[in-house]
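As a plain string of letters, each chain reads:
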Amino acid sequence: MRMGVLDIGSNTGHLLVVDAFRGGPPVPAHSYKEPLRLAEHLDADQAMTEEGVARLVKYVVEARGEAEDKGCTTILAFATSAVRDAVNADDVITRVNEASGLDLQVLSGEDEARVTFLAVRRWFGWSAGRLGVFDIGGGSLEIAAGADEVPDVARSTALGAGRLTREWLDAGRTQAELRLHVRSTIADAAGAVLRGGPFDRAVATSKTFRSLARICGAPSSSEGQYVRRVLRKQDLSSLVKELATMSTDAVAELPGVSPDRAHQIRAGAIVAEATMDLFDLGELEICPWAMREGVLLEYLDGL
């Protein structure tokens, strides 16, 4: 069947249209995305502003039209950190659903980690053994680990690249202060993850990690999704030092960095380096599948 998966993230709204069936990989057919930057539309009380809601409603209505134009019979719509964190989330969801006719659902942080883990497991298969999976989003960092399709542990922390940029770097805090905050937060979560034993394979997914790997020399997307891509800690540590002295415009010129995300790459790199240090990982393998694919696979499993 042809399906649409609509992901409302903290940075971007992304509709992925796929041809999907049980027992095989979903095949991308069309993509429609827009930089919504919803996390920047939360006011001092953590309510989503009228402008933010209007941008979201407009995009979701347009995304539904795109999906229908491409022949989708089913649209799975979900929102993550920015909507989840908004104190008026229920009102936001109601307005989106009434305007679009969709059933936009909010995923918890743990569910984000769980469905992302499922996608990574299906991509690498059982031979990968015990997986450690890391995903830096705009609002949160998800961590999951396990040897099955359901992780033994799934954690979500408020260490998204966009959130940290807005609340720390743009607010005048130093990089040293941010580094300590990030490392202490990850350290608090690491014990539960490592208690199950070491990873046989450590994997990173989603846009921030893909961009960092590309900057550090990983093959470009034009070389296909089956090319092995890794992010090495040694390369990342050098990059963190370089980013501290670079302007946003200069960062946007780096390979793999989109202009709408350039401002938050420095914070993302700090989180990625801390993750690799605290979990003692020399490298992370980049997985092209992430949360959208996980949501889709879980839906197909239930048919």
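Residues numbered from 1 in each chain as written. Predicted model: local features only at pLDDT ≥ 70, side-chain atom pairs only at ≥ 80, totals over all residues. Heavy atoms only, no water.

The number of helices and strands found in the chain is 11 helices and 11 strands. For 303 residues, the compact-globule estimate of 2.2 N^0.38 gives 19 Å, and the C-alpha radius of gyration of the chain, at 18 Å, lies within 12% of that figure. Dimensions of the chain, computed from the C-alpha atoms along their principal axes, are close to 45 × 45 × 35 Å. The buried share of the chain, taken over its 303 residues, is 52%. Taking the intrachain contacts of the chain between residues at least 6 apart in sequence as the baseline, contacts between residues at least 24 apart amount to 68%. Of the roughly 12900 Å² that the chain leaves accessible, carbon and sulfur atoms contribute 48%. Within the chain, one finds 33 positive and 44 negative side-chain charges whose respective centroids are separated by 5 Å. (Helix = DSSP H or I, 4+ residues; strand = E, 2+ residues; numbered from the N terminus. Rg over C-alpha atoms; globule rule 2.2 N^0.38 Å. Buried < 20%, exposed > 50% of the residue type's maximum accessible area, 1.4 Å probe, protein only. Contact = heavy atoms within 4.5 Å. Areas by Shrake-Rupley, 256 points an atom, 1.4 Å probe, with all protein chains shown as cover. Lys, Arg positive; Asp, Glu negative; His and termini not counted. Charge placed at Lys NZ, Arg CZ, Asp CG, Glu CD.)

Let's shift gears to the sheet that holds strand S5 (residues 105–106). Pairing within the open sheet is mixed, and its five strands lie in the order S3-S2-S1-S4-S5. At either end of the open sheet lies a strand with only one pairing partner, and these are strand S3 (27–35) and S5. Pairing of strand S1 (residues 2–8) with strand S2 (residues 12–19) involves seven bridges; the strand directions are antiparallel. Within S2, the residue paired with Arg2 across the bridge is Asp19. On the sheet, helix H1 (residues 50–69) packs against S1, S2, S3 and strand S4 (74–79) and is oriented at approximately 160° with respect to S3. (Pairing = 2+ DSSP bridges. Axes fitted to C-alpha atoms, helices over the stretch in contact; angles between N-to-C directions.)

Looking at where Gly197 falls in the secondary structure, it is placed in the loop between helix H6 (175–194) and strand S9 (201–205). On the accessibility criterion, Gly197 (18% relative accessible area) is buried.

Next up on the list: the packing of H1 against helix H3 (residues 89–100). Where H1 meets H3, the axes come as close as 9 Å, and the angle between the chain directions of the two elements is 35°. Crossing hand, H1 versus H3: right-handed. Listed contacts from H3 to Glu50, Val53, Leu56, Val57, Val60, Val61 and Arg64 of H1 are Val92, Arg95, Val96, Ala99 and Ser100. Residue classes in the contact of H1 with H3 are distributed as eight nonpolar, one polar and three charged. (Left-handed = near helix turned anticlockwise from the far one by under 90°. Nonpolar A, V, L, I, M, F, W, Y, C, P; charged D, E, K, R; others polar.)

What follows is about the nonpolar core. One recurring pattern in soluble globular proteins: nonpolar side chains tend to sit buried together. Core analysis: the biggest nonpolar cluster contains 44 residues, and Val182, Phe209, Leu236 and Phe279 have the highest contact counts within it. Looking at this core element by element, the count peaks at eight residues for helix H10 (residues 265–278). Ile8, Leu15, Ala67 and Ala82 belong to the second-largest nonpolar core, a separate cluster that totals 29 residues. (Core = buried A, V, L, I, M, F, W, Y, C linked by side-chain atoms within 4.5 Å.)

Before going further, it helps to spend a moment on the sheet that holds strand S6 (residues 131–136). Pairing between the strands of a sheet is mediated by backbone hydrogen bonds and can be parallel or antiparallel. As summarised here, the arrangement of the six strands in space is S8-S7-S6-S9-S11-S10, forming an open sheet in which the pairing is mixed. A single partner strand is all that each edge strand has here, and the edge strands are strand S8 (153–157) and strand S10 (230–232). Mean inter-strand twist for the sheet, computed between neighbouring axes without regard to direction, equals 25°. Here S9 pairs with strand S11 (residues 283–287) via three bridges, running parallel. What sits directly across from Val203, in S11, is Glu285. Contacting S6, strand S7 (141–146), S10 and S11, H10 crosses the sheet at an angle of about 165° to S6.

As a further point, take the pairing of S2. Most of S2 is tucked away, with seven of its eight residues classed as buried. Here S1 folds back onto S2, and the loop between the two strands holds three residues. Bridge count between S2 and S3: eight bridges; the pairing is antiparallel. Bridge pairing in S3 links Leu15 to Tyr32.

In most cases, non-glycine residues show a negative phi, while peptide bonds are predominantly trans. The phi dihedral of Arg37 falls on the positive side, at around 50°, and the residue is not glycine. Within the element layout of this structure, Arg37 appears in the loop between S3 and H1. Of note in the backbone geometry, Gln46 takes a positive phi value of approximately 65° without being a glycine. Within the secondary structure layout, Gln46 lies in the loop between S3 and H1.

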